[in-house]
Amino acid sequence: THFGYYQGILALLFAVGSLLSGLIINRYDQKKMLWGSFFLYFIGLVMILVMSFLPNPSALLITLSFIPFIIGGIIPTTLIYPLALNVMPEAKGRVSAIMQGGRLVLAGIGLQVVGYCYVGSFRAIGLMIAFFIVLTIVTLVMVMKNQALMIFLRKE
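Just so you know, these numbers come straight off a predicted model, no measurement behind them. (Residues numbered from 1 in each chain as written. Predicted model: local features only at pLDDT ≥ 70, side-chain atom pairs only at ≥ 80, totals over all residues. Heavy atoms only, no water.)

Participant: How should I be thinking about the overall build of the protein chain in this particular structure?
Facilitator: For the protein chain, the count of helices and strands is seven helices and zero strands. Each helix and strand of the protein chain, ordered N terminal to C terminal, gives the series α-α-α-α-α-α-α. Reported as C-alpha extents along the three principal axes, the dimensions of the protein chain are approximately 50 × 30 × 30 Å. The proportion of buried residues among the 156 residues of the protein chain is 31%. Put simply, 75% of the contacts in the protein chain that link residues at least 6 apart link residues at least 24 apart. When the accessible surface of the protein chain is split by element, carbon and sulfur atoms take 73% of a total near 10,000 Å². (Helix = DSSP H or I, 4+ residues; strand = E, 2+ residues; numbered from the N terminus. Buried < 20%, exposed > 50% of the residue type's maximum accessible area, 1.4 Å probe, protein only. Contact = heavy atoms within 4.5 Å. Areas by Shrake-Rupley, 256 points an atom, 1.4 Å probe, with all protein chains shown as cover.)

Structure, rendered in structure tokens:
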């Protein structure tokens, strides 16, 4: 019965953080902020894995374990998403559609796999979320190692 409240809190946290991120982005080095996001993602990964192997974690504990991941996702979303849209300035709509479609396809595949593995506990869900967090961390590291992109970020 409280699922909507818990998810609403996470959505509100992301929304408020995204609104305030403009103030933060202009004051700090963007590469350091991406490293901060990396560490928050890692903390979120560890917390989700811990929740996955607890016998019966409460919904509140599961929600709290998502918070580092949610906060960590604000800066990359604010910095990298607009850059990705400008990769092909004449096709921003198509790029946005491909990115959104990719996210939805990955979410659908993840939900299907969890549906096959679900046995009434958070473990299957937590492990799938952990898998996607690992993919997120790997992608973020690849972005941070891309010298051309990092130079472009500094110019912004």
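Back to the text.
Participant: In this structure, what is going on with helix H2 (residues 30-53)? I would like to understand it.
Facilitator: For the α-helix, the turn length of 3.6 residues means that residues three or four positions removed from each other point alike. In a regular helix each residue adds 1.5 Å, so 24 residues correspond to 34 Å; H2 covers 35 Å between its end C-alpha atoms and thus fits that length. Turning to H2, its buried residues number three or more, namely Gln30, Met33, Leu34, Ser37, Phe38, Tyr41, Gly44, Leu45, Ile48, Met51 and Ser52. (Expected span 1.5 Å × (residues − 1).)

Participant: Looking at this structure, I do not really get the nonpolar core. What am I missing?
Facilitator: Proteins that are soluble and globular tend to have nonpolar side chains buried together. Grouped together as the largest cluster of nonpolar side chains are 22 residues, with contacts concentrated most on Leu34, Phe66, Ile75, Leu79, Ile80, Ile137 and Leu140. Those elements giving two or more residues to this core turn out to be helix H1 (3-25), H2, helix H3 (59-72), helix H4 (74-85) and helix H6 (122-145). (Core = buried A, V, L, I, M, F, W, Y, C linked by side-chain atoms within 4.5 Å.)

Participant: Looking at this structure, I do not really get the packing of aromatic side chains. What am I missing?
Facilitator: Think of a pair of aromatic rings as described by two things: how far the centres are apart, and how the planes are tilted against each other in angle. This structure, assessed with the given rule, holds five aromatic pairs. Considering the side-chain rings of Phe38 and Phe39, the 5.2 Å spacing of their centres and the 75° angle between planes classify their relative orientation as edge-to-face. Centre to centre, the rings of Phe131 and Phe132 are 5.6 Å apart; their planes meet at 70°, and the pair counts as edge-to-face. The class of Phe131 is partly exposed, set by a relative accessible area of 46%. (Phe/Tyr/Trp six-rings, centres within 6.5 Å; stacked < 30°, edge-to-face > 60°.)

Participant: Help me out: how do you make sense of the layout of surface pockets in this one?
Facilitator: Empty space among the atoms becomes apparent when a probe as large as a water molecule is rolled across them. In this structure, the largest pocket encloses a volume near 1,900 Å³. Together, 41 residues line the largest pocket, and Phe69, Arg103, Ala107, Phe132 and Thr136 are the ones closest to its centre. Taken together, the elements giving at least two residues each to the lining of the largest pocket come down to H1, H3, H4, helix H5 (92-117) and H6. Taken together, the residues of the lining of the largest pocket sort by class into 30 nonpolar, 10 polar and one charged. A volume near 160 Å³ is recorded for the second largest pocket. Every residue lining the second largest pocket is listed: Gly17, Leu20, Ser21, Ile24, Met33, Ser37, Leu40, Ile71, Gly72, Ile74 and Ile75. (1 Å grid on protein atoms, 1.4 Å probe; cavity = no way out; pocket = protein on both sides within 12 Å on 5 of 7 lines; lining within 4 Å. Points joined across faces, edges and corners; volume = space filled by probe spheres on them. Nonpolar A, V, L, I, M, F, W, Y, C, P; charged D, E, K, R; others polar.)

Participant: Sorry if this is basic, but what is going on with the environment of Thr78 here?
Facilitator: Tracing the backbone shows Thr78 in helix H4. Judged by relative accessible area, which is 26%, Thr78 ranks as partly exposed. The sequence separation of Thr78 and Phe42 amounts to 36 residues, and the corresponding C-alpha distance is 19 Å. Setting aside anything within four residues of it in sequence, one finds Thr78 in contact with Ser21 and Ile25.

Participant: Looking at this model, I keep getting lost on a nonpolar patch on the surface. Mind explaining?
Facilitator: Taken together, the side chains of Leu12, Val16, Leu19, Leu20, Leu23, Ile24 and Tyr28 present a nonpolar region at the surface, about 740 Å² in accessible area. Among the secondary structure elements, Leu20 is positioned in helix H1. With relative accessibility at 43%, the residue Leu20 sits in the partly exposed group. (Patch = residues over 30% accessible without salt bridge, like charges linked within 9 Å, V, L, I, M, F, W, Y side chains within 5 Å. Salt bridge = Lys/Arg side-chain N within 4 Å of Asp/Glu carboxyl O.)

Participant: Help me out: how do you make sense of the side chain of Ser37 in this one?
Facilitator: Tracing the backbone shows Ser37 in helix H2. For Ser37, a relative accessible area of 2% corresponds to the buried category. Ignoring any residue separated from it by four or fewer positions in sequence, one finds Ser37 in contact with Gly72, Ile75, Pro76 and Leu140.

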